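# Breakdown of the fold
Below, each chain spelled out in residue letters.
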Amino acid sequence: MYDVAIVGTGPDPSNPTLDGFAMGYRHAEAYRNHDDCRLVACADIVPENGAAFADEFEIAAEYVFEDYRELLAAVEPDVVSVAVPPAIHEEIVVGCARSVVDAIHCEKPLAHTWASAQRTVQTCWRADVQLTFNRQRRFGRPFVDAKQLLEDGAIGDLERIEIGWGDFYDTGAHTVDLAGMFAGDRSAKWVIAQLDYREEDRRFGSHQENQMWAQWRYDDGVHAVLSTGAGKELVGAAILLRGTDGEIRIAVDDGPMLEVRSGGSTERIDVGGETMHRTGNEGDRFGSEFHDRAVEHVLDCLEEGTEPELSGRIGLNTAEILFGGYESVRRRGRVDLPLEIDDNPLEAMVASGDLSPEPAADEIGEGGA
Ligand SMILES: NC(=O)c1ccc[n+]([C@@H]2O[C@H](COP(=O)([O-])OP(=O)(O)OC[C@H]3O[C@@H](n4cnc5c(N)ncnc54)[C@H](O)[C@@H]3O)[C@@H](O)[C@H]2O)c1
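Quick notes on the rules
Residues numbered from 1 in each chain as written. Predicted model: local features only at pLDDT ≥ 70, side-chain atom pairs only at ≥ 80, totals over all residues. Heavy atoms only, no water. Axes fitted to C-alpha atoms, helices over the stretch in contact; angles between N-to-C directions. Helix = DSSP H or I, 4+ residues; strand = E, 2+ residues; numbered from the N terminus. Parallel < 35°, antiparallel > 145°, perpendicular 65-115°, else oblique. Contact = heavy atoms within 4.5 Å. Nonpolar A, V, L, I, M, F, W, Y, C, P; charged D, E, K, R; others polar. Left-handed = near helix turned anticlockwise from the far one by under 90°. UniProt positions renumbered as here; feature names shortened; annotations may be inferred. Buried < 20%, exposed > 50% of the residue type's maximum accessible area, 1.4 Å probe, protein only. Phe/Tyr/Trp six-rings, centres within 6.5 Å; stacked < 30°, edge-to-face > 60°. Near = heavy atom within 4 Å. Polar contact = N/O pair within 3.5 Å; in protein donor to acceptor, adjacent residues only side chain to side chain. Areas by Shrake-Rupley, 256 points an atom, 1.4 Å probe, with all protein chains shown as cover. Pairing = 2+ DSSP bridges. Core = buried A, V, L, I, M, F, W, Y, C linked by side-chain atoms within 4.5 Å. Domains from an automatic or database assignment.

## Remarks on the packing of helix H4 (residues 89-97) against helix H5 (residues 114-126)
Contact geometry of H4 with H5 gives a least axis separation of 9 Å together with a crossing angle of 10°. Taken together, H4 and H5 sit at an angle that is classed as roughly parallel. Here Glu 90, Val 93, Val 94 and Ala 97 of H4 come into contact with H5, specifically with Ser 116, Arg 119, Thr 120, Thr 123 and Cys 124. Counted by class, the contact of H4 with H5 contains 4 nonpolar, 3 polar and 2 charged residues.

In structure tokens:
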């Protein structure tokens, strides 16, 4: 039986927005649904968030903390989920890794800078603590089945992965990760990119460009391209896998979720009603069942001592492409990897004035401008 604690409960689980998805609730539900877990404690710097969460998950008042360090000292949990904004992932994950925990399951994206991402993963590796980042979409049927089709040779050899959904950094922590999964979880050799950032957009505290074009090449020669913002719908898919003998198409939301096009015909694949966001089962409004599958995988790997596919090491492949893409914009050229920078070039370009996004239109309205 694992004693589990959540750091970063979130405020209001019934109304998830980009200002707060309360991912702590999604993690807690997954542990509650797991036979080998006991949710014993939580920490949140906002006391009322912790109190409401404790009420929902029946955590005794003496195990509700504001400071995660007090939680670690008092409870000594086996597993900690970290669901706070990316800029403080490192502080809390490293703090947990230096305590007695066996496993840390942290929210994506890995970190707010490339150096922070590397330090976080290395610290856990040195401390022999299993570190995973939650890319739960890997466990949805559209992606699981597409991977199986690819491995079964349905489109021959994979040549190019095309992404036409979301953005580069925040959602890219999922889509670029999924591209990495299809490419065999290998690192990239280079990345080239351009972006447009004219209207300010912050996600979980980090800047997020409005439009992006990026291309990268994996070390086995497979290419990937990503188009976000204007024109992204022309990809015609969330993810399109192009092979020597056909294509696999994973849709964004409507219509057939998974199709194989080969030899002039199109085959629709039944994915049991699952979309890229949720299973479609009653009660899975927030895609909670994908989080359940992620937690089950994380704990199976902890039990067996095997590397989870959500591992920090594999997550670094994605982080290097994301920060490398922004570095390509800053350098105005292709960036050969490994990446030799420390920061987040997008944040740096905003700080230096190289990029100067205007406040978002709705913010101007609210401010009376
Ligand atoms: N996997 C996904 O699909 C998915 C979806 C949404 C968000 N996320 C990620 O989840 C993370 C959290 O996002 P969210 O939407 O749940 O945020 P949120 O604002 O809903 O919740 C974060 C909570 O962390 C608390 N917090 C902040 N600093 C803290 C600290 N030092 N110690 C303890 N608690 C602290 C806040 O008070 C808040 O309650 C982000 O990294 C985000 O990118 C992932």
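## Some words on the packing of helix H7 (residues 172-182) against helix H9 (residues 312-331)
Helices that pack against each other are described as a pair by the angle of their axes relative to one another and the distance between those axes. Two numbers describe how H7 lies on H9: the axes approach to 9 Å, and their chain directions differ by 115°. H7 and H9 meet at a crossing whose hand is right-handed. On the side of H7, the interface is formed by Gly 172, Ala 173, Val 176 and Asp 177, while H9 contributes Thr 318, Ile 321 and Leu 322.

## Observations regarding the UniProt feature "domain: Gfo/Idh/MocA-like oxidoreductase C-terminal" (unreviewed entry) in the protein chain
In this numbering, the UniProt entry assigns the feature "domain: Gfo/Idh/MocA-like oxidoreductase C-terminal" (unreviewed entry) to residues 166-337. Between the end C-alpha atoms of residues 166-337 there is a gap of 24 Å, over a span that is 28% helix and 28% strand.

## Concerning the environment of Arg 278
Mapped onto the elements of the fold, Arg 278 is located in the loop between strand E16 (265-268) and helix H8 (288-304). Note on Arg 278: relative accessible area 34%, which makes it partly exposed. Residues Arg 278 and Pro 109, spaced 169 residues apart in sequence, show a C-alpha to C-alpha distance of 20 Å. Once residues lying within four places of it in the same chain are set aside, the contact partners of Arg 278 are Asp 284, Arg 285, Gly 287 and Phe 290.

## What about the packing of aromatic side chains?
Under the criterion given, the structure shown has 6 aromatic pairs. Here Phe 21 and Phe 204 contribute two aromatic rings whose centre-to-centre distance is 6.2 Å and whose plane-to-plane angle is 45°, an arrangement assigned as tilted. Placement of the pair is Phe 21 in the loop between strand E1 (2-7) and helix H1 (23-32) and Phe 204 in the loop between strand E9 (202-203) and strand E10 (206-207), with a sequence separation of 183 residues. Residue Phe 21 is classed as partly exposed on the basis of its relative accessible area, which comes to 31%. For Phe 204, a relative accessible area of 27% puts it in the partly exposed group.

## Focus on the site of the ligand
What surrounds the ligand is a group of 26 residues, the closest being Phe 21, Ala 22, Met 23, Asp 44 and Lys 108. Separating an oxygen atom of the ligand from a side-chain N or O atom of Asn 49 is a distance of 2.9 Å. Measuring from an oxygen atom of the ligand, one finds a side-chain N or O atom of His 89 at 3.2 Å. Look at the ligand: alone it shows 850 Å² of surface, and the protein chains cover 89% of it. Its residues placed into classes, the shell around the ligand shows 14 nonpolar, 8 polar and 4 charged.

## Structural notes on the environment of Pro 47
Among the secondary structure elements, Pro 47 is positioned in helix H2 (residues 47-57). Expressed as a C-alpha distance, the spacing of Pro 47 and Cys 96, which sit 49 residues apart in the sequence, is 20 Å.

## Some words on the pairing of strand E11 (residues 211-218)
Side chains Met 212, Ala 214, Trp 216 and Tyr 218 of E11 all project onto a buried face; the interleaved residues Gln 211, Trp 213, Gln 215 and Arg 217 project onto a face where none is buried. Of the strand pairs in this sheet, strand E8 (residues 188-196) and E11 are connected by 8 bridges, and their pairing is antiparallel. Residue pairing for E11: Trp 190 is matched across the bridge by Arg 217. In this antiparallel pair of consecutive strands, E11 and strand E12 (residues 223-228), the connection spans 4 residues, and Gly 221 shows a positive phi of 100°.

## Observations concerning the nonpolar core
The biggest cluster of nonpolar side chains holds 85 residues, and the ones touching the most others in it are Ile 104, Ile 161, Phe 182 and Trp 216. The element best represented in this core is H9, accounting for 7 residues. Taken domain by domain, this core gets at least three of its residues from each of domain 1 (2-136 + 284-310) and domain 2 (137-280 + 311-369). When near neighbours in sequence (up to four residues on either side) are disregarded, Ile 104 contacts Val 80, Val 82, Val 93, Cys 96, Ala 97, Cys 124, Val 129, Gln 130, Leu 131 and Thr 132.

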